Amino acid sequence: QEQLVESGGGLVQAGGSLRLSCAASERAFSYYNKAWFRQAPQKEREIVAAINWSGGTLSYADSVKGRFIISRDNAKNTVYLQMNSLKSEDTAVYYCAVDVHTMVLSTSRDSYEYWGQGTQVTVSS
């Protein structure tokens with residue numbers, strides 16, 4: 001059984017918007033720090049945005065600041081990534097992840113133990 005399931009990816013023109021969702025099946029994941037990462041072909045997986053358990057602390061990669069918004073609904077056990085003003089360089093597979101070990105919000109890939117299967121985002125120029 002998959003514990004994290006992403007949805008909302010697809011093909012969009014540059015300048016457009018998409019909203020990604022990541023639903024967790026484990027109730028315990030509701031109150032852990034979560035993050036979105038992405039991986040473009042032949043590139044390392046990189047942080048996009050992270051959100052602490054309460055939603056009160058957010059962190060963004062410089063490349064997406066002012067364009068992307070991370071949020072969460074703990075009652076629905078879901079984290080979201082609103083992506084606006086998309087660029088061709090945003091094309092990647094997007095993954096959500098859960099950090100069950102630390103309370104301090106981390107942007108390091110190594111901090112996150114549970115990962116979704118990924119959803120493809122393709123931005124055409």
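Here, the structure is the one placed above.
Residues numbered from 1 in each chain as written. Predicted model: local features only at pLDDT ≥ 70, side-chain atom pairs only at ≥ 80, totals over all residues. Heavy atoms only, no water.

Chemist: Got a minute to help me understand the side chain of Asp-99 in this structure?
Modeler: Structurally, Asp-99 can be placed in strand 9 (residues 92-99). In terms of polar contacts, Asp-99 uses its side chain to reach the side chain of Thr-102, at 2.4 Å. Residues in contact with Asp-99, not counting those within four places in the same chain, are Tyr-32, Asn-33, Val-104, Ser-106, Ser-111 and Tyr-112. (Helix = DSSP H or I, 4+ residues; strand = E, 2+ residues; numbered from the N terminus. Polar contact = N/O pair within 3.5 Å; in protein donor to acceptor, adjacent residues only side chain to side chain. Contact = heavy atoms within 4.5 Å.)

Chemist: Help me understand the sheet that holds strand 8 (residues 78-83), please; the structure alone is not making it clear to me.
Modeler: Spatially, the four strands line up as an open sheet ordered 1-3-8-7, and their pairing is antiparallel. Only two strands of the sheet have a single neighbouring strand rather than two, namely strand 1 (4-7) and strand 7 (68-73). This sheet shows a mean twist of 15 degrees between the axes of neighbouring strands, independent of strand direction. The pairing of strand 3 (residues 18-24) with strand 8 spans six bridges and is antiparallel. Within strand 8, the residue paired with Leu-20 across the bridge is Leu-81. (Pairing = 2+ DSSP bridges. Axes fitted to C-alpha atoms, helices over the stretch in contact; angles between N-to-C directions.)

Chemist: What should I look at first to understand the environment of Ala-23 in this one?
Modeler: For Ala-23, the location among the structural elements is in strand 3. The class of Ala-23 is partly exposed, set by a relative accessible area of 35%. Taking the C-alpha atoms as reference points, Ala-23 and Thr-78, 55 residues apart in sequence, are found 4.5 Å from one another. Apart from residues no more than four positions distant in its own chain, Ala-23 is found in contact with Gln-3, Leu-4, Val-5, Asn-77 and Thr-78. (Buried < 20%, exposed > 50% of the residue type's maximum accessible area, 1.4 Å probe, protein only.)

Chemist: Looking at this structure, how should I read the pattern of salt bridges?
Modeler: Opposite charge on two side chains makes pairing possible when the charged atoms of those side chains draw close. Using the criterion set out here, one finds five salt bridges in the structure. Residues Asp-90 and Arg-38 are paired through a salt bridge, measuring 2.9 Å at the closest nitrogen-oxygen approach. Taken together, the positions of Asp-90 in the loop between strand 8 and strand 9 and Arg-38 in strand 4 (residues 33-39) put the pair 52 residues apart, joining distant regions of the chain. Here Asp-90 and Arg-38 have matching classes, each one buried. As a salt-bridge pair, Asp-90 and Arg-67 come within 2.8 Å of each other at their nearest N and O atoms. (Salt bridge = Lys/Arg side-chain N within 4 Å of Asp/Glu carboxyl O.)

Chemist: I tried to follow the state of the cysteines on my own but got confused; where do I start?
Modeler: Among covalent bonds in proteins, the disulfide is the one between the sulfur atoms of two cysteines. This model, assessed by the stated rule, comprises one disulfide. One disulfide in the model links Cys-22 with Cys-96; its S-S distance is 1.9 Å. Around the S-S axis, the bridge from Cys-22 to Cys-96 shows a dihedral of about 45 degrees and counts as right-handed. Within this pair, whereas Cys-22 is found in strand 3, its partner Cys-96 is found in strand 9, the two being separated by 74 residues in sequence. (Disulfide = S-S within 2.5 Å.)

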